[in-house]
Amino acid sequence: MGWLAACTEPTPALPAGPSAPIDLSAEWRAATPESESIDAGKLAAAVSHARALPRLTSLLVVRHGRLVLEEYLNGNRADSVNDVRSVTKSVVSTLVGIAIAKGLLPGVTARIDGYLDAAHLDGLEPVKRAITVENLLTMSSGFQWDELTTAAYNDWVLSPDPIAYLLQRPLANPPGQAFTYNSAAVHLLSAVLQGATGLSTQDFAQRNLFDPLGITTARWELLPDGQANGGAGLDLRPRDLAKLGALWLQAGDVGGGHGMIVSSDWVANATTPKFSYWTGRAPLAAQSYGYLWWLDWRGGRISFFAWGYGGQFIWVDRALDLVIVVTTEWRGAGAQASVLESNGLGLIVNYILPAVR
């Protein structure tokens, strides 16, 4: 799938976030729905609907920095670590923003050939050498790629050198021209991040993102070359997914006097559409893409969300001061994976959002 890499439609400004950021390094504090201006009856109906959905494993709602709903299903628990697939990509976007804030990357115009090892650069065509961080953040690297079939993803993820596997692919478009969803390209971005920081992706994430947020249970899938899968390899607790959403809600501020770990400019830029809107997966109406975050435009405002295969979501609505987490058991879902995704989106859009006053 491809779209022109120019957003020609009016773009609403990113709404202001909470006026008093909460301390994300601490555990969540609970509150009743009504105390945070959520209709308790409608939220109860959302829970009933969630319990009827196949394979749904968690539903969390955070309003005004308080955990107002925490529901676990189908054997999932508060301490369960969930494989959230492409939600990993939005975490990588966060890590790139942190690296830029620290001066480890000069910005999104940085080229990949400044950060990859010599073995991967040897013989690489000039046009591929010139692929930028922004091309990778926006899924517009140009590589010929089809991730609509499970086999295509598996061929990459099981290859002995996943970076070389991608770099050897032909270009279907000049870099920066068209959107093509590509997990391997985000893994390439994580390799660029490693070259810039001198740390593995998982170590950089733990020191600079997870530790400040009090996250201690992150796990990464390792690919055959021993590197963490930057495209879809992260496992986290649902409560910690909510912390990541809240960090973006708070425009990069950890709160509690701990300060910013990613700049508010990065959050604003990463959640601004880089493509014209297209008709989204039901029940989304107008959908676009930023820097490894999906965007939804409804009611004159943008919400943004991390989206993982088979129904994993972190939904952030800054205007409502709201974070929603949904996780689903995707293993073995096969052709039903897209149905599980629509189920999760429907739960958010048709049940949770209408309950918020």
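Treat the numbers as computed from the prediction; the structure is a model and nothing was measured.

Engineer: For this particular structure, what's the right way to read the overall build of the chain?
Structural biologist: On a plain count of helices and strands, the chain comes out with twelve helices and eleven strands. For 357 residues, the compact-globule formula gives about 21 Å, and the C-alpha radius of gyration of the chain, at 19 Å, lands near that figure. Considered along the principal axes of its C-alpha atoms, the chain spans approximately 60 × 45 × 40 Å. Across the 357 residues of the chain, 57% fall into the buried class. Considering only intrachain contacts with a sequence separation of at least 6, the fraction spanning at least 24 residues in the chain is 69%. The average position of the 26 basic charges and that of the 32 acidic charges among the side chains of the chain differ by 4 Å.

Engineer: Honestly, the pairing of strand E11 (residues 322-328) in this entry has me stumped. Any pointers?
Structural biologist: Successive side chains on a regular strand alternate, one facing one side of the sheet and the next facing the other. Counting buried residues in E11 gives seven out of seven residues, a clear majority hidden from the surface. Taken together, the seven bridges between strand E1 (residues 56-63) and E11 define a ladder with antiparallel strand orientation. From the neighbouring strand, Leu 56 faces E11, where its bridge partner is Thr 328. Summarising the sheet, strand E10 (residues 312-317) and E11 pair through five bridges and their orientation is antiparallel. Within the sheet, the bridge partner assigned to Asp 317 lies in E11 and is Leu 322. Counted along the chain from E10 to the antiparallel partner E11, the turn is four residues long, and its residue Asp 321 has a positive phi close to 50°.

Engineer: What is the right way to read the confidence of the model for the chain from this model?
Structural biologist: Interpretation of this model should avoid reading the predicted coordinates in detail wherever pLDDT is low. Across the chain, the average pLDDT comes to 94, with 96% of residues at or above 70. In the predicted structure, residues 1-6 sits below a pLDDT of 50 and forms 20 contacts with residues beyond four places in sequence or in another chain.

Engineer: Where do I start with the pairing of E10 in this structure?
Structural biologist: Of all six residues in E10, six are buried, a share of seventy percent or more. Every second residue of E10 is oriented toward a common face, with Gln 312, Ile 314 and Val 316 on one face and Phe 313, Trp 315 and Asp 317 on the other, all of them buried. Pairing of strand E9 (residues 301-308) with E10, which is carried by five bridges, proceeds in the antiparallel orientation. From the neighbouring strand, Gly 308 faces E10, where its bridge partner is Gln 312. The turn joining E9 and E10, which pair antiparallel and follow one another in sequence, is formed by three residues; a positive phi near 80° is taken by Gly 310.

Engineer: Explain the pattern of salt bridges to me, please; I cannot follow it from the model alone.
Structural biologist: Pairs can form between side chains of opposite charge whenever their charged atoms are close. According to the stated counting rule, one finds 18 salt bridges in the structure shown. For Asp 113, the salt bridge identified is with Arg 111, shortest N-O distance 2.6 Å. Note on Asp 113: relative accessible area 21%, which makes it partly exposed. The salt bridge partner of Arg 281 is Glu 341, with a shortest N-O separation of 2.6 Å. With Arg 281 in the loop between strand E6 (278-279) and strand E7 (286-289) and Glu 341 in helix H12 (residues 337-352), the pair connects residues that are 60 residues apart, well separated along the chain. On the accessibility criterion, Arg 281 (29% relative accessible area) is partly exposed. The class for Glu 341 is buried, based on a relative accessible area of 8%. Salt bridges here are not isolated pairs; linked through shared partners, they connect Glu 27, Glu 70, Arg 237, Arg 239 and Asp 240.

Engineer: Please explain the packing of helix H2 (residues 87-101) against helix H10 (residues 238-249) as it appears in this structure.
Structural biologist: To characterise two packed helices, one gives the angle between the axes of the helices and the distance between these axes. Contact geometry of H2 with H10 gives a least axis separation of 12 Å together with a crossing angle of 45°. One way to sum up the angle between H2 and H10 is to call them oblique. Considering the relative orientation of H2 and H10, their crossing is left-handed. Contacts between H2 and H10 involve Val 87, Val 91, Ser 93 and Thr 94 from the former and Leu 241, Leu 244, Leu 247 and Trp 248 from the latter. Here the contact of H2 with H10 is composed, by residue class, of six nonpolar, two polar and no charged.

Engineer: I'm lost on unusual backbone geometry in this one. Help?
Structural biologist: Across the chain, the bulk of peptide bonds are trans and the bulk of non-glycine residues have phi less than zero. The residue after Ala 282, namely Pro 283, is reached through a cis peptide bond having omega 10°. Within the secondary structure layout, Pro 283 lies in the loop between E6 and E7. One non-glycine residue, Ser 37, lies in the positive phi region at around 60°. Mapped onto the fold, Ser 37 is located in the segment before helix H1 (40-52).

Cut-off values and rules
- Residues numbered from 1 in each chain as written.
- Predicted model: local features only at pLDDT ≥ 70, side-chain atom pairs only at ≥ 80, totals over all residues.
- Heavy atoms only, no water.
- Helix = DSSP H or I, 4+ residues; strand = E, 2+ residues; numbered from the N terminus.
- Rg over C-alpha atoms; globule rule 2.2 N^0.38 Å.
- Buried < 20%, exposed > 50% of the residue type's maximum accessible area, 1.4 Å probe, protein only.
- Contact = heavy atoms within 4.5 Å.
- Lys, Arg positive; Asp, Glu negative; His and termini not counted.
- Charge placed at Lys NZ, Arg CZ, Asp CG, Glu CD.
- Pairing = 2+ DSSP bridges.
- pLDDT = per-residue confidence, 0-100.
- Salt bridge = Lys/Arg side-chain N within 4 Å of Asp/Glu carboxyl O.
- Axes fitted to C-alpha atoms, helices over the stretch in contact; angles between N-to-C directions.
- Parallel < 35°, antiparallel > 145°, perpendicular 65-115°, else oblique.
- Left-handed = near helix turned anticlockwise from the far one by under 90°.
- Nonpolar A, V, L, I, M, F, W, Y, C, P; charged D, E, K, R; others polar.

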